[in-house]
Amino acid sequence: MSLEVIYQDKHLIAVNKPCGILSVPGRGPDKQDCVVTRLQQIEPDIRVVHRLDCHTSGVMVLAVGIVAQREMSKMFHDRTIGKSYVALVAGKVEQRVGLIDLPVRGDPDNRPTQIIDHTSGKPAQTHWRLLRYHRLAGGGRLSRLQLRPITGRTHQLRLHCLAMGHPIVGDTLYQNSNSVKAERMMLHAERLEMMHPASHVKLCLVSECEF
C-alpha cells in the first residue's frame, strides 16, 4: 500500500499522504491510484471527509463507515477541526504574524485555477506565522511559515501565499516573478486536531515536515 498510517481504529484512519498522490480518484484510468483506493485494500468501507491537493503532503484523515463520516464531515463543515501547515515561500516575509482575508472562487476559464474575487468569491481566511528564514546559495531568501486555515477553500493556502507576494516554493500553478522552482511543492499538512467521532476524546494527529 505504501502509505504511512498515523492512527487507525474502527471509526477512522489517518495517514501521512505523500506529495504527488491524489486524495481521491480522478477522471480516467491513469488517475485511479490514490489514498482512497490504497486504503480500500485494508478497509473497504473507507469514506472521504476532506482532501489534500495532489502536491501537498501530510496528515489526511478518513472515516470508516457512514456514521463516522457524518460526524467528521460535520466537524469540518462547522470548522471545529484545527489544521496547521508548514510552507516554504519565496522571499523574505517582513511581518511576524498576520491574517489573510481574501475571498476565493474557481476560474471557469482556467481550471483548476482559483482566483480572488471580492464580489462573488467565497470567504477564505488564513492565519500565518513566520517560523524562520532560509538563505539560498545565490543569496536569496526563503521564509518558513506556519499556516492555519480557518476556511477550507480549494487551493486556499497556495492562492493566499501568492496574494502576499510570496508564492509557495515549487508551486507551478500559482506563480509570480519571485517564484522559486523545486522538485516538489513545499506545502505540508503537519497537524490536525479533532474530537474523536465516537469517544469524543481529543486527537492530535501529527506528521513531521520533511523539508
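Each chain carries its own residue numbering, running from 1 in the direction its sequence is written. Totals for whole chains, interfaces and linings use every residue, but because this is a predicted model, local features are given only for residues with pLDDT of at least 70 and side-chain atom pairs only at 80 or more, for both listing and counting. Excluding hydrogens and water, the side-chain figures rest on all heavy atoms present in the structure.

Caption draft 1: Seen up close, the nonpolar core. Val35, Leu39, Leu147 and Leu187 are the most contacted members of the largest nonpolar core, which has 30 residues in total. Each helix is a run of DSSP H or I of at least 4 residues and each strand a run of E of at least 2, with the numbering of both proceeding from the N terminus. Contributing elements (two or more residues each) for this core: strand E2 (12-17), helix H1 (35-39), strand E4 (57-64), strand E5 (82-90), strand E9 (125-135), strand E10 (141-149), helix H3 (156-163) and strand E11 (187-195). Whether two residues are in contact is decided by their heavy atoms, any of which lying within 4.5 Å being enough. Excluding residues that lie within four positions of it along the chain, Val35 makes contacts with Leu3, Val15, Lys17, Ile21, Leu22, Ser23, Met60 and Leu62. Definition of nonpolar core: a set of buried residues of the types Ala, Val, Leu, Ile, Met, Phe, Trp, Tyr and Cys, connected through side-chain atoms within 4.5 Å. A 1.4 Å probe rolled over the protein chains alone gives each residue an accessible area, and that area as a share of the maximum for its type sets the label: buried under 20%, exposed over 50%, partly exposed in between. Formed by 15 residues, the second largest nonpolar core is a distinct cluster that contains Leu12, Phe76, Ile81 and Met194.

Caption draft 2: Quick peek at helix H2 (residues 66-78). Working rule for helices: expected span equals 1.5 Å times residues minus one. With 13 residues, H2 should reach 18 Å at 1.5 Å per residue; the first-to-last C-alpha distance of 18 Å fits that figure. Of the residues making up H2, those classed as buried are Ala68, Gln69, Met72, Met75 and Phe76. The buried residues of H2 occupy an angular sector of 130° when projected down its axis, which confines them to one face. Facing away from the buried side of H2, by more than 90 degrees, are the exposed residues Val67, Arg70, Lys74 and His77. Working note: the arc is built from the helix axis to C-beta atom directions.

Caption draft 3: Representation of the pairing of E9. The sheet contact formed by strand E6 (residues 97-101) and E9 spans 5 bridges and is antiparallel. In the strand pairing of E9, Val97 is matched with Arg129. Sheet analysis places E9 next to E10, joined by 9 bridges and oriented antiparallel. Bridging across to E10, Trp128 finds its partner in Leu147. In this description, strands pair whenever DSSP reports at least two bridges between them. Here E9 folds back onto E10 in antiparallel fashion, the turn holding 5 residues, of which Gly139 has a positive phi close to 100°.

Caption draft 4: Layout of the pattern of salt bridges. In what follows, salt bridge is the name for a side-chain nitrogen of Lys or Arg lying within 4 Å of a carboxyl oxygen of Asp or Glu. Applying the stated criterion to the full structure yields 9 salt bridges. For Glu193, the salt bridge goes to Arg191, with nearest N and O atoms at 4.0 Å. Note on Glu193: relative accessible area 23%, which makes it partly exposed. Judged by its relative accessible area of 32%, Arg191 falls in the partly exposed class. Between Glu193 and Lys202 there is a salt bridge; the shortest N-O distance is 3.5 Å. A relative accessible area of 55% means that Lys202 is categorised as exposed. Ionic contacts of the salt-bridge type, sharing partners, join the residues Asp53, Arg158 and Asp171 into one network.

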